[in-house]
Amino acid sequence: DIVASKNQIIGSLKTEQAEKLDQLSNISRSKIAELELQVEVQIKRIINMEKRSNELTRISSEQFSASIGREKSTQNKFLTEMCALKEELMASKEEKEIISKELNS
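Conventions we followed
- Residues numbered from 1 in each chain as written.
- Predicted model: local features only at pLDDT ≥ 70, side-chain atom pairs only at ≥ 80, totals over all residues.
- Heavy atoms only, no water.
- Helix = DSSP H or I, 4+ residues; strand = E, 2+ residues; numbered from the N terminus.
- Rg over C-alpha atoms; globule rule 2.2 N^0.38 Å.
- Buried < 20%, exposed > 50% of the residue type's maximum accessible area, 1.4 Å probe, protein only.
- Areas by Shrake-Rupley, 256 points an atom, 1.4 Å probe, with all protein chains shown as cover.
- Lys, Arg positive; Asp, Glu negative; His and termini not counted.
- Charge placed at Lys NZ, Arg CZ, Asp CG, Glu CD.
- Salt bridge = Lys/Arg side-chain N within 4 Å of Asp/Glu carboxyl O.

**Overview of the overall build of the protein**
Alright, step 1. Within the protein, the secondary structure is distributed over one helix and zero strands.
Alright, step 2. What you see for the protein is a C-alpha radius of gyration of 45 Å, clearly larger than the 13 Å of a compact globule of 105 residues, by over 25%.
Alright, step 3. Out of the 105 residues in the protein, the part that is buried amounts to 0%.
Alright, step 4. Carbon and sulfur atoms provide 58% of the accessible area of the protein, an area that totals close to 10,100 Å².
Alright, step 5. For the protein, the distance from the average site of its 17 positive side-chain charges to the average site of its 18 negative ones is 5 Å.

**Looking at the pattern of salt bridges**
Oppositely charged side chains are able to pair whenever their charged atoms sit close together.
Alright, step 1. Here the structure, examined in full by the defined rule, presents two salt bridges.
Alright, step 2. Between glutamate 55 and arginine 58 there is a salt bridge whose closest N-O contact spans 2.5 Å. In this pair, glutamate 55 and arginine 58 both sit in helix α1 (residues 2-104), three residues apart, roughly one turn of the helix.
Alright, step 3. Residue classification places glutamate 55 among the partly exposed residues on the basis of a relative accessible area of 30%.
Alright, step 4. For arginine 58, a relative accessible area of 38% gives the class partly exposed.
Alright, step 5. The salt bridge partner of glutamate 62 is arginine 58, with a shortest N-O separation of 2.3 Å. On the criterion of helical spacing, the pair formed by glutamate 62 and arginine 58 is a turn pair, its members being four residues apart in helix α1.
Alright, step 6. Sharing partners across several salt bridges, the network here consists of Glu55, Arg58 and Glu62.

Bear in mind that shape data such as this cannot, by itself, settle questions of function.
Shown next, in the form of structure tokens:
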């Protein structure tokens, strides 16, 4: 009887330990799944941040290019105006020389 009782107690303890092990395994699986989900969310956030960063870089490049284009346009207008003024001055100088020659003759 004692041996049977002992075997029954041992069997009962083994069953309890097996149940506890199953519970711990389930908890571990659950935690692992939760952590995997959190990692997925973080990866998606990082990808979105990279996309946004790339978009901002592209926008900045476009704005910089547009700014340079406007600056070149402004410089070209200025140079065109300076050339026109130079031509006017040259024409004025020629007229002055002609008038001066006429007055001297």
